[in-house]
Amino acid sequence: MVRKNNLVGYTLLEMIIVLGIFMVLILLAYRPIKITWQNYEERQFIKNFERKWNQSTIKSIQEEKHTNVYFYHDLVRFSEYNKDRTTNDYEFSYPSTMHGDTNIVKISDNGSVTPKTIKIFSSLGRRYVFVFQMGYGAKYYVKTYQ
């Protein structure tokens, strides 16, 4: 009796078709994943700014030193001026989708803020408007426009 060896498996053509379908699915999912990641980066930037702003205002009042917040085209710098005329700088960059106006917001040693409106633009179709209110307490709010 002759015995046949029947092996079950995929042919090369079937494997190429499966890989092709897989690559098409990856290419279709790339753009939504990229947009989701860019939205996340923008939210993180806003949260980082809020955290550092709150730290700087509290530190300005407690340690009686003033802080300047510099808005550049591609980054934000917090410069805390000590009594011995040295500075502590903290800066972080905008996400790749954002760019802003150049401006300065000053937090005095008693916690008051110079009134300013600063616009930051996003390539995702948003515009963030930071409105810094004059007076004690270093308050601000952010408006987001689509």
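Computed from a predicted structure; not experimentally measured.

Cut-offs and rules
Residues numbered from 1 in each chain as written. Predicted model: local features only at pLDDT ≥ 70, side-chain atom pairs only at ≥ 80, totals over all residues. Heavy atoms only, no water. Buried < 20%, exposed > 50% of the residue type's maximum accessible area, 1.4 Å probe, protein only. Helix = DSSP H or I, 4+ residues; strand = E, 2+ residues; numbered from the N terminus. Pairing = 2+ DSSP bridges. Phe/Tyr/Trp six-rings, centres within 6.5 Å; stacked < 30°, edge-to-face > 60°. UniProt positions renumbered as here; feature names shortened; annotations may be inferred.

## Examining the pairing of strand β8 (residues 127-132)
- Taking burial as the measure, the six residues of β8 include five buried ones, the bulk of the element.
- Following strand β7 (residues 116-122), the chain reverses through four residues before pairing antiparallel with β8; G125 in that reversal takes a positive phi of roughly 95 degrees.
- Alignment of β8 against strand β10 (residues 140-145), held across six bridges, turns out to be antiparallel. Bridge assignment links F132 to a residue of β10, and that residue is Y140.

## A look at the packing of aromatic side chains
- All chains considered together, the criterion is met by 15 aromatic pairs.
- On the basis of an interplanar angle of 10 degrees and a centroid distance of 6.2 Å, the ring pair of Y70 and Y72 is categorised as stacked.
- An aromatic cluster of at least three residues, connected via ring pairs, comprises F45, F49, W53, F71, F78, Y90, F92, Y94, F130 and F132.

## A short note on the UniProt feature "transmembrane region" (unreviewed entry) in the protein
- According to UniProt, the positions carrying the feature "transmembrane region" (unreviewed entry) are residues 12-30.
- Within residues 12-30, the helical portion is 100% and the strand portion 0%, while the C-alpha atoms at the span's ends are 27 Å from each other.

## Topic: unusual backbone geometry
- Not every positive phi belongs to a glycine, and E64 is a case in point at roughly 50 degrees.
- Within the element layout of this structure, E64 appears in the loop between α1 (12-63) and β1 (67-71).
- On the basis of relative accessibility, which here comes to 49%, the residue E64 falls in the partly exposed class.
- Of note, R85 is a non-glycine position whose phi angle comes to about 70 degrees, a positive value.
- Along the chain, the position of R85 falls in the loop between β2 (75-81) and β3 (87-93).
- Classification of R85 as exposed rests on a relative accessible area of 80%.

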